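Now for the letters of each chain:
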Amino acid sequence: MASQASSTLTPSKFYDILDRPYVLDKILDLCTPLGIFRLKITCHAADEAVRGYVARAFDINKHLQHFFDDPIAFRVLLARTSAAVSGSNALQFFDRVRYESSDLDLYVAGPQNAQEVFVWLVNNGYKFRPT
């Protein structure tokens, strides 16, 4: 019986995990959003720990830095032109993964906005290659 008791997650061990973002992130990266939410509502310490995890795991600026030197300027462009990121890249963000060879799909409302997005992309290092 003693061996079973030693493997039990005691409250102090639980709080130790919550206080170590690196360990907690590794665990929560494997959880579903529902699992993360369920942990969040268990106690005040878990709520704070999950808030920190969400801020780290769902950092859109960090995610967009793969494509742009200034992700905030890109986000301002999206807001101004009613454009949206879509496709596999949007799913990667919400799944908390990134595939090295992935692209960035954009939906843009209207030809004027499309032209503004096009010019911005070209001015930020992208090349136009018509097919």
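Model, not experiment: these values are computed from the prediction.

> Give a detailed account of unusual backbone geometry, specifying residues and quantitative values.
A positive phi angle, close to 55°, is found at S82, a residue other than glycine. As for its position among the elements, S82 is in the loop between α7 (71-81) and β1 (84-86). Residue classification places S82 among the exposed positions, given a relative accessible area of 51%. In this structure, R96 is a non-glycine residue whose phi angle is positive, near 65°. Here R96 lies in the loop between α8 (87-95) and β2 (105-107).

> Explain the pattern of salt bridges residue by residue, including any values.
With the rule as written, the count across this model stands at 5 salt bridges. A salt bridge links R56 to D25; its shortest N-O distance comes to 2.7 Å. Of this pair, R56 sits in helix α5 (residues 44-57) while D25 sits in helix α3 (residues 21-28), and the two are 31 residues apart along the sequence. Overall, the relative accessible area of 35% leaves R56 in the partly exposed class. Taking the relative accessible area as the measure of exposure, D25 reaches 17% and is therefore buried. A salt bridge links R80 to E116; the nearest nitrogen and oxygen atoms lie 2.5 Å apart. Note that R80 is positioned in helix α7 and E116 in helix α9 (residues 111-123), a separation of 36 residues in sequence.

Parameters at a glance
Residues numbered from 1 in each chain as written. Predicted model: local features only at pLDDT ≥ 70, side-chain atom pairs only at ≥ 80, totals over all residues. Heavy atoms only, no water. Helix = DSSP H or I, 4+ residues; strand = E, 2+ residues; numbered from the N terminus. Buried < 20%, exposed > 50% of the residue type's maximum accessible area, 1.4 Å probe, protein only. Salt bridge = Lys/Arg side-chain N within 4 Å of Asp/Glu carboxyl O.

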